[in-house]
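# Notes for the structure review
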Amino acid sequence: MDVHGTVAEGFEPVREAFVRNFEVLGDRGAAVAVYRDGRKVVDLWGGTRDADGTEPWTGGTAQIVRSATKGVAAAVPLLLHQHGLLDLDAPVGGYWPEFKAGGKERILVRDLLAHRAGVPALDRGLTAAEAADGVSGPRAVAAQHPFWEPGTGHGYHAQTYSWLLSELVLRVTGRTLGSVLAEDIAEPLGLDFWIGLPDAEADAGRVGRVAPVEPPENAGMLRTRPRRNVSEAYADPGSLTRRAFAAIDPLPDENAPAYRAAELPASNGIGTARALARFYGATIGVVEDGARIFTPATTGIAAREHSAGPDRVLVVNTRFGAGYMLHGPASPLLSPASFGHPGRGGSLGFADPDAGIGFGYVTNALAKSVTADPRAQALVRALKSAL
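The residue numbers shown here count from 1 along each chain, following its written sequence. Totals for whole chains, interfaces and linings use all residues, but because this is a predicted model, local features are given only for residues with pLDDT of at least 70 and pairs of side-chain atoms are given and counted only at 80 or more. With hydrogens and water stripped out, all remaining heavy atoms of the structure feed into the side-chain values.

What follows concerns the sheet that holds strand β4 (residues 63–64). Backbone hydrogen bonds hold the strands of a sheet together, and the pairing may be parallel or antiparallel. Overall, antiparallel pairing links the three strands, which are arranged β4-β7-β5 in an open sheet. Sheet topology places β4 and β5 (193–194) at the edges, where each strand pairs with a single neighbour. As defined by bridge partners, β4 adjoins strand β7 (residues 270–271) across two bridges and the pair is classed as antiparallel. Bridge pairing in β7 places Q63 opposite G271. Only strands that DSSP links by at least two bridges are regarded as paired with each other. Under the scheme used here, helices are H or I runs from DSSP no shorter than 4 residues and strands are E runs no shorter than 2 residues, and both carry numbers assigned from the N terminus.

For helices, the fitted axis covers only the stretch in contact; all axes are lines through C-alpha atoms, and the angles between them, taken along N-to-C directions, range from 0 to 180 degrees. Packing of helix α2 (residues 68–82) against helix α14 (residues 296–303) leaves a shortest axis separation of 10 Å and a crossing angle of 140°. Our classification of the angle between α2 and α14 gives oblique. Along this stretch, α2 crosses α14, giving a crossing that reads as right-handed. The residues of α14 that touch α2, namely those facing L78, H81 and Q82, are T298, I301 and A302. Three categories are distinguished: nonpolar for Ala, Val, Leu, Ile, Met, Phe, Trp, Tyr, Cys and Pro, charged for Asp, Glu, Lys and Arg, and polar for the others, with Gly belonging to the last. Its residues assigned to classes, the contact of α2 with α14 comprises three nonpolar, three polar and no charged. Here is the rule for angles: anything less than 35 degrees is roughly parallel, anything more than 145 is roughly antiparallel, 65 through 115 is roughly perpendicular, and the remaining ranges are oblique. The handedness criterion is simple: a crossing whose near helix is rotated anticlockwise from the far helix by less than a right angle is left-handed, and one whose near helix is rotated clockwise is right-handed. Residues count as neighbours in contact if any of their non-hydrogen atoms are within 4.5 Å of one another.

The description of an aromatic ring pair rests on the distance of the ring centres and on the angle between the ring planes. Ring pairs are drawn from Phe, Tyr and Trp, using the six-membered ring of Trp, whenever the two centres fall within 6.5 Å, and their geometry is named by plane angle: stacked under 30 degrees, edge-to-face over 60, tilted for the rest. Evaluated as defined, the whole model comprises nine aromatic pairs. Summarising the aromatic geometry, the rings of F18 and F22 are spaced 5.3 Å apart at their centres and angled 90° between planes, so their arrangement reads as edge-to-face. Of this pair, F18 and F22 both sit in helix α1 (residues 12–23), four residues apart, which is roughly one turn of the helix. In this structure, F18 and F22 share a single accessibility class: buried. Between Y156 and F245, the ring centres sit 6.3 Å apart and the planes meet at 50°, which makes this aromatic pair tilted. A 1.4 Å probe rolled over the protein chains alone gives each residue an accessible area, and that area as a share of the maximum for its type sets the label: buried under 20%, exposed over 50%, partly exposed in between.

On to the nonpolar core. Buried Ala, Val, Leu, Ile, Met, Phe, Trp, Tyr and Cys residues form a nonpolar core when they are joined through side-chain atoms within 4.5 Å. Counting 79 residues, the largest nonpolar core has L78, W163, I185, F193, F279 and Y324 as its most contacted members. With nine residues, α2 is the largest single contributor of residues to this core. When residues no more than four places from it in sequence are discounted, the contact partners of F193 are V65, T69, V72, L181, A186, G269, I270, G271, A275 and L276. Counting residues in each nonpolar core, the second largest holds 28 residues, with L334, L348, V380 and A386 among its members.

Cis peptide bonds are those with omega within 30 degrees of zero, and the linkage from D249 to P250 qualifies with 0°. Secondary-structure assignment places P250 in the loop between α11 (240–245) and α12 (257–261). Of note, the phi angle at R66 is positive, near 50°, even though the residue is not glycine. Looking at the element boundaries, R66 is found in the loop between β4 and α2.

For the rest of this paragraph, the subject is the packing of α2 against helix α7 (residues 161–173). It is at 11 Å that the axes of α2 and α7 come closest, and there the two elements cross at 25°. If you check the angle between α2 and α7, you find them roughly parallel. Judged by the twist between their axes, the crossing of α2 over α7 is left-handed. Residues K70, A73, A74, V76, P77 and L80 of α2 lie in contact with α7, whose contacting residues are Y161, L165, V169, V172 and T173. Broken down by class, the residue content of the contact of α2 with α7 amounts to nine nonpolar, one polar and one charged.

Here we come to α14. Listed in full, the buried residues belonging to α14 are T298, T299, I301 and A302. Viewed along the axis of α14, the buried residues span an arc of 160°, placing them on a single side of the element. In α14, the exposed positions angled more than 90 degrees off the buried face are occupied by P296 and A297. Residues of α14 that are buried in the fold lie against α2, α4 (109–113), α13 (273–284), β10 (325–326) and β11 (339–342). This arc describes the spread of directions from the helix axis toward the C-beta atoms.

Turning our eyes to something else, we now look at the pattern of salt bridges. Here a salt bridge means any side-chain nitrogen of Lys or Arg lying within 4 Å of a carboxyl oxygen belonging to Asp or Glu. Summed over the entire model, instances satisfying the criterion amount to 21 salt bridges. Measuring nitrogen to oxygen at the nearest pair gives 2.8 Å for the salt bridge that ties D184 to R175. Through salt bridges with shared partners, one network takes in D27, D373 and R375.

Along strand β12 (residues 348–352), five of the five residues are buried, which leaves the element largely enclosed by surrounding structure. With burial as the criterion, each face of β12 is covered, one bearing L348, F350 and D352 and the other bearing G349 and A351. In the sheet, β11 pairs with β12 via four bridges, with the strands oriented antiparallel. Bridging across to β12, F339 finds its partner in A351. In sequence, β11 turns back onto β12 through a hairpin of five residues, with G345 there showing a positive phi of about 105°. As judged from the five bridges shared by β12 and strand β13 (residues 357–363), these two strands associate in the antiparallel manner. Note that in β13 the partner of D352 across the bridge is I357. Here β12 folds back onto β13, and the loop between the two strands holds four residues, one of which, G356, carries a positive phi near 70°.

These figures come from the coordinates and say nothing about function on their own.
Structure representation (structure tokens):
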């Protein structure tokens, strides 16, 4: 495997783990980047741009990152809070009156961000076209009765997070979440990351095609709760797990131009590993040219635990801050201080304020992993050994 890019002295274990991901763990095309104390120390890529093709991955290749999108998207409401435009302790219905329907009038913005809103699924799944039209999704979650008393527990809002965040941001700013991200975060920081791929980027041919792969038998599984294992939850059409992931039904073609152009802040962000790593580096401090996103107070909000314990959707114990998954058995990151988000199938981005780390890994080989992909975990372990 020809791996391209650079690593700073001392970070060679990350390169070794990256190579092994191709040789042993089934990667087809991937990239990893790391910032430490605002300076890029790892920038590697290899394999093919398309999971089912032969054209080589380049330094600027971007991929869909699935739920790793959530961590980038969550920066938008937190930035609005930082600017005094959004109160995390205010009811969502104060900004979005229709959301009060069905007994949701007491749900706070903070609950929404931390997967405590109680609406991870819909009574009827939306088509791909409905999911992307900017109207049907928000209307459906606004009308949806919660599946548990909001605020009393948490469950991963795998798909509905798109419409919850996007409509909240639209009501507060009059702009779409993808537009705020592009204009207020990505452009100032020089990030190749989009929620809603612009036509110019689509035409440039930078974005590779993703495809499912069968992981090796020793690729690892999530820890499960004794009362019910994860595979059973996904197999049961009536389970909240299955219904949450089927809020878009049937699942869309993630390589389709229309899907890439849509704004789905839960699932269809497209970007480079460099962008993810630089983004997370800028959430905890200043990166290279003086850019940053969060103040220390906002970083503290992102990293502070808001939800913990049994997840009613993922059927494992999870921890969430305000929009970010936190370090824990279901999604091991660098340390208990870490916050970020994995993407189902492999991608991962996170920050660790204690170590000064911003990390990004993207792949086109989508495995069956949900929150703890073996390839991403191998890179995190290698990074830990280098610090």
